[in-house]
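# Coordinate inspection notes
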Amino acid sequence: MNNNTLYWIWLQKALGEGARIKEIIEDFGSAKALYESNILEWRMSPALVPKQVNRLQSVTLQDAQKIKDECDKNGWQIITYEDEKYPNRLKEIINPPAVLYVDGEFPDVDNEVLIAMVGTRKASDYAIKVTDVMSRGISDCGVVVVSGGALGVDSSAHRGAILSGGRTVAVLGCGLGTNYLLENRALRESIKNNGALVSEFPPYTKPSKYTFPMRNRIISGLSLGVLVVEAGVKSGSLITADFALQQNRDVFAIPCSILSSEFSGTNKLIDDGAYVVTKPLDLLSPYAEMYNLDLSKVKSVQKIMSETADKSANVSESKNKLDFENLDNSRRQRVKNQKQISQLSGNNRLVYESLTDEFTHIDIIKQNCGLSSSAVLSALTALEIADLVESASGKRYRLS
C-alpha cells in the first residue's frame, strides 16, 4: 500500500466501479493530482463529464479513510492502480478498476498462468465433474484457477483447485465482508486460505444485478484464457466470454449436449470459434512455452477420475452416471439441493459447513463442529436423508 492509497479509493468511490479511469489519469497524471486540481480544471478536462465532476465534489478523503480503516481492521489488502502488485494484465483492459480489495494471497498475475472457469449456477452433475477434472488437471501444473465464487460451476472450479493442492482466486460481485451466499461461506474461507478473494467493490457492498456483470471483466482480465463449461444462451458466462474476446484473451469451451438447447451456450461459442476442450492439456498447451509449464505433469481425464473416485462410497451406479441423458434430471436435483442448503440452520448447518468433497471421519467432523457425537450423527442422518451428504464405510461422510 502506498501513500496515495486514499486518493485512489476516493476516485473509485466518487466515479463508481467500472468507470473508465485511463483517460482521466492520462489527463491529470495521478489520482492525487486529480484530487488537488480545482473544479475549473475538472470542468475543462475532456476526460470528465459534468456528472463525474459533481461526483468528485460529493466524496471526501474522509469517506475514503473510513474504507481504508475498515480494511486495516480486517487485514484486507488494498491494491491501487499505481501499486507494484497491480497487474499490468489488468491495466490492458478498457476499464481497469482503480482499486482492488483482497483477502488472502494475491498471485503474481503477470508472471503466472491464470485460467478462468465459468458456467451456470444451475449446473448438471456432468458439468460439475468436468469442471472439477479440468480444475484439478491444470492446478497440478501450478496454474491458478479464477472464477466468481458462485454456486454451480464456479464452486466446483474453486474446490477442484483447492483439493488438488493448488491456488484459486474468486472475483466477487459484492464487497468483502458481505453476508452473501451463506451456503458458500465455508468455501470462501477455504479460497482465502488457498489463494484470494478479490473485489473492486468497497467492503460490505451488497450484490445486485449490476455488480455481477461488472466483475466479469475482471475475471477475464486477470486470466490468459476463459473456459466456459456449461452455460445458457443468455448467461453471465457468455458475458465473461465477450469480455475475454474484447480483452484479446483466449476463449475455451466444453461441448454440451445438442439436445439441451437451454444450456447450449458453449456449443454456440464453439460455432463462433472458441477452442474445444476435452482434457486439461488443451488448456495448458497454448501457454507451456512462454511460462515454462511442465506438460509431463498433466494427467488424463481418466487418471483424475480414477484418483478422485472412492469405490467404498454408498453411491448407486445410476447416480454416478455422468452422461448427457442425465443432464436435466441432475440439474433439477442440484437446484433443489441448493435451496435446501440455503435453509439449513443450527447443528445441521454447522455440520454441513464442516464437510468437503472428500470423505471425512465422523470423529474429525465432531472436532470441527464442537458438537457431541449424538448431535453430529443426528445432523448427518438428516443431511443424508435430504441427499446433501453421502456416506462411506468406516463412518466417513462427504458432500453429495
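Residues numbered from 1 in each chain as written. Predicted model: local features only at pLDDT ≥ 70, side-chain atom pairs only at ≥ 80, totals over all residues. Heavy atoms only, no water.

### Comments concerning helix H11 (residues 211–222)
Heads up, the rule is: A run of H or I in DSSP becomes a helix once it reaches four residues, and a run of E becomes a strand once it reaches two; helices and strands are each numbered from the N terminus. Multiplying 1.5 Å by the helix residue count minus one yields the expected span of that helix. We call a residue buried when its accessible area falls under 20% of the maximum for its residue type, exposed when it is over 50%, and partly exposed in between, using a 1.4 Å probe and counting protein chains only.
Over its 12 residues, H11 runs 17 Å from end to end, which matches the ideal 16 Å to within 8%, given 1.5 Å per residue. Where burial is concerned, most of H11 is hidden: 10 out of the 12 residues are buried. All of the buried residues in H11 are Thr211, Phe212, Arg215, Asn216, Arg217, Ile218, Ile219, Ser220, Gly221 and Leu222.

### Side note on the side chain of serine 354
Short version of the rule: Think of a polar contact as two N or O atoms within 3.5 Å of one another; within protein, one of them needs to be a possible hydrogen donor and the other a possible acceptor, and neighboring residues in sequence only count if both atoms come from side chains. Residue contacts are defined here by distance: any two heavy atoms, one from each residue, within 4.5 Å place the two residues in contact.
Its place among the elements puts serine 354 in helix H18 (residues 346–354). For serine 354, a relative accessible area of 15% puts it in the buried group. Engagement of the side chain of serine 354 in a polar contact is seen with the backbone oxygen of valine 351, the distance being 2.7 Å. Leaving out residues up to four positions away in the same chain, serine 354 has contacts with Ile365, Asn368 and Cys369.

### Observations regarding the layout of surface pockets
Definition in use: Points on a 1 Å grid over protein atoms alone make up a cavity when a 1.4 Å probe fits among them but cannot get out, and a pocket when they form an open set with protein on both sides within 12 Å along at least five of seven lines; lining residues each have an atom within 4 Å of a point. Grid points are joined across faces, edges and corners, and a volume is the space filled by probe spheres set on the points.
Considering only enclosed or pocket space, the second largest pocket measures out at about 430 Å³ in volume. Forming the boundary of the second largest pocket are 23 residues, of which Gly119, Thr120, Arg121, Ser235 and Gly236 lie nearest the centre. Within the residue set of the lining of the second largest pocket, elements represented by two or more residues are H11, helix H12 (236–246) and helix H17 (327–342). Residue contributions to the lining of the second largest pocket peak at 5 residues, all from H11.

### Quick notes on the state of the cysteines
Here, the word disulfide means a covalent bond between the sulfur atoms of two cysteines. Just so we agree on the cut-off: Two cysteine sulfurs form what is called a disulfide whenever their separation falls within 2.5 Å.
All chains considered together, the criterion is met by 0 disulfides. For the unlinked cysteine cysteine 174, the closest cysteine sulfur is that of cysteine 71, found at 14 Å. Residue classification places cysteine 174 among the buried residues on the basis of a relative accessible area of 5%.

### Quick word on helix H10 (residues 185–193)
Put simply, the rule reads: An arc is given here, and it is the one of the directions from the helix axis to the C-beta atoms.
Among the residues of H10, Leu187, Arg188 and Ile191 are the ones counted as buried. Buried residues along H10 cover an arc of 100 degrees about the axis, so they all sit on one side.

### Some thoughts on the packing of helix H1 (residues 5–15) against helix H5 (residues 50–58)
Going by this rule: Every axis corresponds to a line fitted to the C-alpha atoms, with the helix fit spanning only the stretch in contact, and the corresponding angles, defined between N-to-C directions, vary from 0 to 180 degrees. Each angle receives one of four descriptions, namely roughly parallel if under 35 degrees, roughly antiparallel if over 145, roughly perpendicular if within 65 to 115, and oblique otherwise. In this scheme, a crossing is called left-handed if the near helix is turned counterclockwise away from the far one by less than a right angle; it is called right-handed if the turn is clockwise. Polar here means any residue other than Ala, Val, Leu, Ile, Met, Phe, Trp, Tyr, Cys and Pro, which are nonpolar, and Asp, Glu, Lys and Arg, which are charged; Gly is therefore polar.
At a closest axis distance of 8 Å, the pairing of H1 and H5 adopts a crossing angle of 130 degrees. By the angle class used here, H1 and H5 are oblique. Classified by chirality, the crossing of H5 by H1 is right-handed. Of the residues in H5, those touching H1 at Trp10, Leu11, Ala14 and Leu15 are Gln52, Arg55 and Leu56. Classifying every residue of the contact of H1 with H5 gives 5 nonpolar, 1 polar and 1 charged.

### Some points on the packing of aromatic side chains
Worth spelling out the cut-off: Each pair of aromatic rings taken from Phe, Tyr and Trp, with Trp reduced to its six-membered ring, is defined by centres within 6.5 Å and is described as stacked if the planes are under 30 degrees apart, edge-to-face if over 60, and tilted in the remaining cases. Whether a charge sits over a ring depends on NZ of Lys or CZ of Arg being within 6 Å of the ring centre and within 35 degrees of the ring normal.
Counted under the stated rule, the structure contains 7 aromatic pairs. These aromatic residues form a ring-pair network of at least three members: Tyr7, Trp10, Tyr35 and Trp42. If you follow lysine 91 out to its NZ or CZ, it ends over the ring of tyrosine 81, 4.8 Å from the centre. The ring centre of phenylalanine 212 lies 5.3 Å from the NZ or CZ of arginine 121, which sits over that ring.

### Comments concerning the nonpolar core
Condition: Nonpolar core, defined: a set of buried Ala, Val, Leu, Ile, Met, Phe, Trp, Tyr and Cys residues in which side-chain atoms within 4.5 Å join the residues together.
Judged by nonpolar contacts, the single largest core of 69 residues is most densely connected at Trp8, Trp10, Leu11, Leu34 and Leu56. Take this core: its biggest share by element is 8 residues, from H1. What leucine 11 contacts, discounting residues up to four positions off in sequence, is Gly16, Ile21, Ile25, Ala31, Leu34 and Leu56. Within the second largest apolar cluster, 27 residues are counted, among which are Val143, Ala161, Leu224 and Phe252.

### Considering the confidence of the model for the protein chain
This is how the line gets drawn: Residue-level confidence of the predictor is summarised by pLDDT, bounded by 0 at the bottom and 100 at the top.
Of the residues in the protein chain, 93% have a pLDDT of 70 or more, and the chain-wide mean is 88. Residue range residues 315–319 is modelled with pLDDT below 50. Its contacts to residues more than four positions away, or to other chains, number 6 contacts.

### Description of the sheet that holds strand E3 (residues 114–118)
As a reminder, the rule being used: Two strands qualify as a pair provided that DSSP identifies no fewer than 2 bridges between them.
The mixed open sheet is built from 9 strands, whose spatial order is E1-E2-E6-E5-E4-E3-E7-E8-E9. Every interior strand has two partners, whereas the edge strands, strand E1 (77–80) and strand E9 (275–276), have only one. Pairing between E3 and strand E7 (residues 225–228): 4 bridges, direction parallel. Paired with alanine 116 across the two strands is valine 226, which belongs to E7.

### Considering the sheet that holds strand E10 (residues 360–361)
Within the open sheet, the 3 strands sit side by side as E10-E12-E11. Their pairing is antiparallel. Either end of the sheet is taken by a strand with one partner, and the two such strands are E10 and strand E11 (389–392). Direction of pairing for E11 relative to strand E12 (residues 396–399): antiparallel, over a ladder of 4 bridges. Residue pairing across strands places alanine 392 opposite arginine 396, the latter belonging to E12. Of the strands in this sheet, E11 and E12 touch helix H20 (residues 373–385), which is tilted by about 115 degrees from E11.

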